[in-house]
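Listed below, chain by chain, are the residues.
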Amino acid sequence: MMNAIRKAGTLILISYFFSQGTRLAGNLITARLLAPEMFGVMAVILVIQQGVMMLSDVGLDAYIIRHKNYTDPIILNIVWTVQVLRGIFLAIVTAVLAGTLWFLQSSELTNHWGALANDSLPLLLLVSTLNPLMLGMKSLARLVKTRELNRLKLEILDAISQLIGTTVMIVWALYYPSVWALAVAAPITIFISVILSYSMFEIRHSFHFDKKVFSEIYQFGKWIFIATALTYFSQQGDRLFLSVSISEAELGLYSIALALVGFATMFVQRIAAQLWLPVFSTKATDEQSLKKNYYRVRIVQDLAVGAFVLLATYFANNVIDILYDERYRDVTWMLQLAVVTVLAVSIRQASKVLLVALGETKVQMQSMFVNLISLIILMPIMFSFYHLKGLIVATVISNFIAVIPQYRTMYIL
């Protein structure tokens, strides 16, 4: 088991740095070719897109990874059917939102709504309906291989799709510099990953319905659904608030700072979901072994993340000066404040996957509820006194407060 864990962890690490290095290179090149305002417009699209995705999450991935019969074709087909139907539903919802935004803009009701007043948003949003449609058709082979800690082909798949999507984005920005260069990256990346998910693996799917399994999915995912909905508002609440409070340029700079912080938070989340969740799931019936593995993970991970946060804060000014031009100087202080969030995410993710492995999904809803309430209280107050700096501090504090329900549940167990 330990050899499999080390091998999987190494593959995740290599793939992650390749993927994020590709994203960073794409971000840096397009930042030279495009104006900050364009990143602000795209930030609004991503906020809406992620909202549609996260407000309908019922934990299908976690359901397969922790299922004792995770290779059963019938189980896989039923989950895939739910995934496809969810993708269709999300595409329809996104299209309706695009139409609604177009109507509001044509009625001049969004003139004082900051970045939401940009007239390119409705069409960009309409094109983004392709994303959930394609994701819904993706093979579940990735979940089977994740459970088995067999990640080589999965990391190759991610690397190829990311590289192609980023290349298209850069070429588009070079020859046709517009916000569309940023908008095409996601659909192309997703399209390539869907094609490869079938060409690289032998698992095939067909539509299948079973009331009993649907009920199991519902029972397992209902708390995840609520927790994910709360997660969205707690994680994206700042950008929702800022999209109607500041200009596209300011929102663009803020989104770049968050994207840089996101390289670290996504890595922590990926390690938790793709490595620790399978490991904890296999130890769920052995309490002593589970505790030993959990605390071993926490010590190593927290020390590494803490060191990263200190270094990132100290060298932020040098890094931004090297990577970006003068237009992006304010990203420095935004990054120095926001990077502390990575430590909170590290603590929360390790605890989250432990509780999910034990079947305790309700606590995630409680954790995100606490996060959201603290954000709703702190964000407007801090923003009114300290503007954007205060808002960033409010998001960091709320992330640490959200750990409390998780620790309370772990103590009871």
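Here is a short report on the structure shown in this document. This structure is a prediction, so every number in the text was calculated from the model and none was measured.

## Things to note about the overall build of the chain
And step 1. The helix and strand tally for the chain stands at 17 helices and 0 strands.
And step 2. Relative to a compact globule of 413 residues, whose C-alpha radius of gyration would be 22 Å, the chain shows 21 Å and is just as compact.
And step 3. The buried share among the 413 residues of the chain stands at 54%.
And step 4. In the chain, 83% of the contacts between residues at least 6 apart in sequence involve partners at least 24 apart.
And step 5. When the accessible area of the chain is evaluated, it comes to approximately 19200 Å², of which 68% is carbon and sulfur surface.
And step 6. Charge-centre separation for the chain: the mean point of 31 positive side chains lies 10 Å from the mean point of 23 negative side chains.

## Examining the packing of helix α14 (residues 331–338) against helix α16 (residues 362–401)
And step 1. Relative orientation of the contacting elements α14 and α16 amounts to 25°, with a least axis distance of 9 Å. With respect to their mutual orientation, α14 and α16 come out roughly parallel. The two elements α14 and α16 cross, and the hand of that crossing is right-handed. Counting all contacts with α14, which are made through Trp333, Met334, Leu337 and Ala338, the residues of α16 involved are Leu388, Lys389, Ile392, Val393 and Val396.
And step 2. Among the residues forming the contact of α14 with α16, the class breakdown is 8 nonpolar, no polar and 1 charged.

## Overview of helix α15 (residues 341–357)
And step 1. With 17 residues, α15 should reach 24 Å at 1.5 Å per residue; the first-to-last C-alpha distance of 24 Å fits that figure.
And step 2. In terms of burial, α15 is a largely internal element, 15 of the 17 residues being buried.
And step 3. Two residues or fewer past α15, Gly359 is found with a positive phi of approximately 85°.

## Thoughts on the pattern of salt bridges
And step 1. Tallied over the full model, the rule gives 2 salt bridges.
And step 2. Between Arg329 and Asp321 there is a salt bridge whose closest N-O contact spans 3.5 Å.
And step 3. Look at Arg329 and you get partly exposed, because its relative accessible area is 38%.
And step 4. The shortest N-O distance in the salt bridge between Arg329 and Glu326 comes to 3.0 Å.

## Some details on the packing of aromatic side chains
And step 1. Across all of its chains, the model carries 5 aromatic pairs by this definition.
And step 2. Centre to centre, the rings of Trp80 and Phe207 are 5.1 Å apart; their planes meet at 50°, and the pair counts as tilted. Residue Trp80 is located in helix α4 (residues 73–106), and its partner Phe207 is located in the loop between α10 (185–199) and α11 (211–243); the two are separated by 127 residues in the primary sequence.
And step 3. Against the face of Trp333 rests Lys389, its NZ or CZ located 5.3 Å from the ring centre.

## Here's the deal with empty space enclosed by the protein
And step 1. As enumerated under the stated definition, the model contains 2 cavities of 30 Å³ or more in all.
And step 2. In this structure, the second largest cavity encloses a volume near 60 Å³.
And step 3. Lining the second largest cavity we find Met42, Ile45, Gln49, Leu124, Val127, Ser128, Asn131, Ala183, Ala186 and Pro187.
And step 4. Those elements that place two or more of their residues in the lining of the second largest cavity are α2 (36–54), α5 (121–127) and α10.
And step 5. With 3 residues, the top contributor of residues to the lining of the second largest cavity is α2.

## Some points on the nonpolar core
And step 1. One finds Leu242, Tyr254, Leu260, Tyr324, Tyr328, Val331 and Val342 to be the most contacted residues of the largest nonpolar core, which totals 56 residues.
And step 2. When residues in this core are grouped by element, the largest group, 11 residues, is from helix α12 (residues 248–282).
And step 3. Apart from the residues lying within four places of it in its own chain, the contact partners of Val342 are Val261, Ala264, Thr265, Val268, Val305, Phe308 and Val309.
And step 4. Among the nonpolar cores identified, the runner-up in size contains 40 residues, and Tyr63, Val82, Val144 and Trp276 belong to it.

## Section: the packing of α2 against α4
Each packed pair of helices is defined by two parameters, the angle between the axes and the distance between the axes.
And step 1. At a closest axis distance of 10 Å, the pairing of α2 and α4 adopts a crossing angle of 140°. Classified by the angle between their axes, α2 and α4 sit oblique to one another. Crossing hand, α2 versus α4: right-handed. Within the contact between the two elements, α2 uses Ile48, Val52 and Met53 and α4 uses Arg86, Leu90, Val93, Thr94 and Leu97.
And step 2. In the contact of α2 with α4, the residues fall into 6 nonpolar, 1 polar and 1 charged.

## Things to note about helix α8 (residues 152–175)
Each α-helix turn comprises 3.6 residues. Residues three or four places apart therefore point the same way.
And step 1. A rise of 1.5 Å per residue sets the reference length of α8, with its 24 residues, at 34 Å; its end C-alpha atoms lie 35 Å apart and thus fit the reference within 8%.
And step 2. For α8, the set of buried residues is Leu154, Glu155, Leu157, Ala159, Ser161, Gln162, Gly165, Thr166, Met169, Ile170 and Ala173.

## Notes on unusual backbone geometry
And step 1. Positioned with a positive phi, His387 is a non-glycine residue whose angle comes to about 55°.
And step 2. Residue classification places His387 among the partly exposed residues on the basis of a relative accessible area of 36%.

## Focus on a nonpolar patch on the surface
And step 1. Where nonpolar side chains cluster on the molecular surface, the patch consists of Leu85, Ile88, Ile92, Val96, Leu123, Leu126, Val127, Leu130, Leu133, Phe207 and Phe209 and spans about 990 Å² of accessible area.
And step 2. Counting only elements with at least two residues in the nonpolar patch, the list comes to α4, α5 and α6 (130–136).
And step 3. With 4 residues, α4 is the single largest residue contributor to the nonpolar patch.

Parameters at a glance
Residues numbered from 1 in each chain as written. Predicted model: local features only at pLDDT ≥ 70, side-chain atom pairs only at ≥ 80, totals over all residues. Heavy atoms only, no water. Helix = DSSP H or I, 4+ residues; strand = E, 2+ residues; numbered from the N terminus. Rg over C-alpha atoms; globule rule 2.2 N^0.38 Å. Buried < 20%, exposed > 50% of the residue type's maximum accessible area, 1.4 Å probe, protein only. Contact = heavy atoms within 4.5 Å. Areas by Shrake-Rupley, 256 points an atom, 1.4 Å probe, with all protein chains shown as cover. Lys, Arg positive; Asp, Glu negative; His and termini not counted. Charge placed at Lys NZ, Arg CZ, Asp CG, Glu CD. Axes fitted to C-alpha atoms, helices over the stretch in contact; angles between N-to-C directions. Parallel < 35°, antiparallel > 145°, perpendicular 65-115°, else oblique. Left-handed = near helix turned anticlockwise from the far one by under 90°. Nonpolar A, V, L, I, M, F, W, Y, C, P; charged D, E, K, R; others polar. Expected span 1.5 Å × (residues − 1). Salt bridge = Lys/Arg side-chain N within 4 Å of Asp/Glu carboxyl O. Phe/Tyr/Trp six-rings, centres within 6.5 Å; stacked < 30°, edge-to-face > 60°. Lys NZ or Arg CZ within 6 Å of the ring centre and 35° of its normal. 1 Å grid on protein atoms, 1.4 Å probe; cavity = no way out; pocket = protein on both sides within 12 Å on 5 of 7 lines; lining within 4 Å. Points joined across faces, edges and corners; volume = space filled by probe spheres on them. Core = buried A, V, L, I, M, F, W, Y, C linked by side-chain atoms within 4.5 Å. Patch = residues over 30% accessible without salt bridge, like charges linked within 9 Å, V, L, I, M, F, W, Y side chains within 5 Å.

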